[in-house]
Amino acid sequence: MIGKIQRIRLREVWRHEAADFTTWLEENIDVLNQQLGLALTGAEREQSAGAFSVDLVAEDENGDTVIIENQLEKSDHDHLGKLITYLTFIGAKAAVWIVETPRPEHVQAISWLNESSPAAFYLVKLEAIKIGDSPPAPLLTLIAGPSAEAREAGQKKKELSQRAILRKQFWTDLLDHSNKHTKLHSNISPQPYNWIGTSAGLPKGVGLNYSVRSHDSQIEIYIDAGQGSEEYNLWIFEQLNSHRAEIEESFGGELKWDGLESKRACRISKRIHLGGWKDESTWPEVHTALVRDMIRFDAALRPYLKRLKRSKP
């Protein structure tokens, strides 16, 4: 015969969180070790953390401190705050939060902490079960915990954040320099993206853009009037391309002409190989070259843009 698992209210097994459950866990820390894959030893109750007391403090196999906070009810902000406070005050390397019902907001918070913090955080769901007339037994389920994937995701987010900060500063400095020499981009603000630009006026869908990568940058005319505008974009490009020799002569050098076949937009550009957003020491030189070439670029293209019809022929 196979019995059925019955779930029991936690307070029927451990009436008092500190006196009953925390005491039981102190004496049965191996139950937690088996679930989390840890090797905690020397668990001690009610350890001081300033004016507060930690439910349990233990050591892992490396001798690092691990704190354990118990909550025989739904997770709440108060206990999450305690968990972080105790960990930082004691200088623990890991924190275990055992709850009856983990709220989704706190699952997300623990996952974020594992991505962003050097410490390890475990959120564990506690249930009490029995089969038939058997004694009640604890059922621990790991809901959120540290992992290599979480660390990698956190590092990636950090890198993306740093990239956005640097790019925005790159554009801030570029626009400061540009506004001293031309009004072409005086109406825009720095953004964290890899390009900034402004409308070249008529015809519609033509933008005067700067773009930057890790170690190079470029100026460009980007032609895209929106969804369903492929023929119109290509028509503008071809009209300009028919004057390619004159435009490049006026600009003072070769340009890259991309009809962007199989794509909606078209582009005419000039790459600057002096540095990108990662090369902060070269930014002044890069900005000078970009603004200088943008002014020449606009002057070379403007007469031919003005000749184009204002709508698709």
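To start, this report covers the structure provided alongside it. No experiment lies behind these values; they were computed from the predicted model shown.

## Considering the pattern of salt bridges
- Applying the stated criterion to the full structure yields 13 salt bridges.
- Notably, a salt bridge pairs Asp216 with Arg271, separated by 3.5 Å at the nearest N-O pair. Taken as a pair, Asp216 in the loop between strand S9 (206-212) and strand S10 (217-223) and Arg271 in strand S12 (residues 266-272) lie far apart in primary sequence, 55 residues in all.
- Given a relative accessible area of 33%, Arg271 falls into the partly exposed group.
- Taking the shortest distance from any N to any O, the salt bridge between Arg296 and Asp293 comes out at 2.7 Å. On the criterion of helical spacing, the pair formed by Arg296 and Asp293 is a turn pair, its members being 3 residues apart in helix H9 (residues 283-307).
- Residue classification places Asp293 among the buried residues on the basis of a relative accessible area of 2%.
- Several salt bridges share partner residues, and in doing so they unite Lys270, Arg292, Asp293 and Arg296 into one network.

## Side note on helix H8 (residues 244-251)
- Turning to H8, its buried residues are Ile247, Glu248 and Phe251. Relative to the axis of H8, the buried residues are bounded by an arc of 95° and lie together on one face. Counted as exposed and oriented over 90 degrees from the buried face of H8: Ala245 and Glu249.
- Looking at the packing, one finds that the buried side of H8 touches S10, helix H7 (230-241), strand S11 (256-258), S12 and H9.

## Observations concerning the side chain of Glu17
- Structurally, the position occupied by Glu17 is in helix H2 (residues 17-27).
- In this structure, Glu17 is buried with no salt-bridge partner, the nearest side chain bearing the opposite charge being Arg11 at 4.4 Å.
- Separated by 2.9 Å, the side chain of Glu17 and the backbone nitrogen of Leu72 make a polar contact.

## Overview of the environment of Ala39
- By the secondary structure assignment, Ala39 is in the loop between helix H3 (29-36) and strand S2 (41-49).
- Discounting residues that sit within four places of it in the chain, Ala39 has contacts with Asn33, Glu59, Asp60 and Glu61.

## Examining the nonpolar core
- Counting 39 residues, the largest nonpolar core has Tyr210, Ile221, Leu240, Ile268 and Phe297 as the members making the most contacts within it.
- The element contributing the most residues to this core is H9, with 11 residues.
- Beyond its immediate stretch of four places on either side in the chain, Tyr210 contacts Trp171, Leu174, Ser178, His185, Asn194, Trp195, Ile196, Gln218, Ile219, Leu290, Val291 and Met294.
- If you look at the next biggest cluster of nonpolar residues, it comprises 25 residues, including Ile8, Leu10, Trp24 and Leu72.

## Points about the environment of Leu72
- With respect to the helices, strands and loops of the structure, Leu72 is situated in strand S4 (residues 65-74).
- A residue is classified by how much of its surface remains accessible, and Leu72, at 4% relative accessible area, is buried.
- Along the sequence, Leu72 and His16 sit 56 residues apart, while their C-alpha atoms lie 8.8 Å from each other.
- With near-sequence residues (within four places) excluded, Leu72 lies in contact with Leu10, Arg11, Trp14, Glu17, Phe21, Glu100 and Leu126.

## Topic: the sheet that holds S10
- The strand order S8-S9-S10-S12-S11 describes an open sheet built from 5 strands, whose pairing is antiparallel. Bordering the open sheet on either side are strand S8 (195-199) and S11, each of which pairs with just one other strand. Sheet twist, expressed as the average angle between the axes of neighbouring strands with direction ignored, equals 20°.
- As judged from the 3 bridges shared by S11 and S12, these two strands associate in the antiparallel manner. Paired with Trp257 across the strands is Ile268, a residue of S12.
- Contacting S9, S10, S11 and S12, H7 crosses the sheet at an angle of about 55° to S12.

## Some remarks on the side chain of Ser117
- Secondary-structure assignment places Ser117 in the loop between helix H5 (104-116) and strand S6 (120-131).
- A distance of 3.0 Å separates a polar atom in the side chain of Ser117 from the backbone nitrogen of Ala119.

Conventions used here
- By convention here, each chain's residues receive numbers from 1 onward along its written sequence.
- Per-residue local features of the predicted model are confined to residues with pLDDT of at least 70, and side-chain atom pairs are confined, for both listing and counting, to 80 or more; whole-chain, interface and lining totals are unaffected and use all residues.
- Water and hydrogen atoms play no part in the side-chain values, which are based on all heavy atoms of the structure.
- Criterion for a salt bridge: a side-chain nitrogen of Lys or Arg within 4 Å of a carboxyl oxygen of Asp or Glu.
- Per the convention used, a helix needs a DSSP run of H or I reaching at least four residues, while a strand needs a run of E reaching at least two, with both numbered from the N terminus.
- Partly exposed describes any residue whose relative accessible area lies between the buried limit of under 20% and the exposed limit of over 50%, with all areas from a 1.4 Å probe on protein chains only and scaled to the type maximum.
- Each C-beta atom gives one direction from the helix axis, and the arc is the one those directions make.
- Every residue pair with non-hydrogen atoms within 4.5 Å of one another is taken to be in contact.
- Charge counting follows a simple rule: Lys and Arg are positive, Asp and Glu are negative, and His as well as the terminal groups are ignored.
- Whenever two N or O atoms come within 3.5 Å, that pair is a polar contact, provided that in protein one can donate a hydrogen and the other can accept it, and provided that, for residues adjacent in sequence, both atoms are side-chain atoms.
- To form a nonpolar core, buried Ala, Val, Leu, Ile, Met, Phe, Trp, Tyr and Cys residues must be joined to one another through side-chain atoms within 4.5 Å.
- Being paired, for any two strands, means DSSP has found at least two bridges between them.
- All axes here are fitted lines through C-alpha atoms, helices being fitted over the stretch that makes contact, and every angle between N-to-C directions spans 0 to 180 degrees.

These figures come from the coordinates and say nothing about function on their own.
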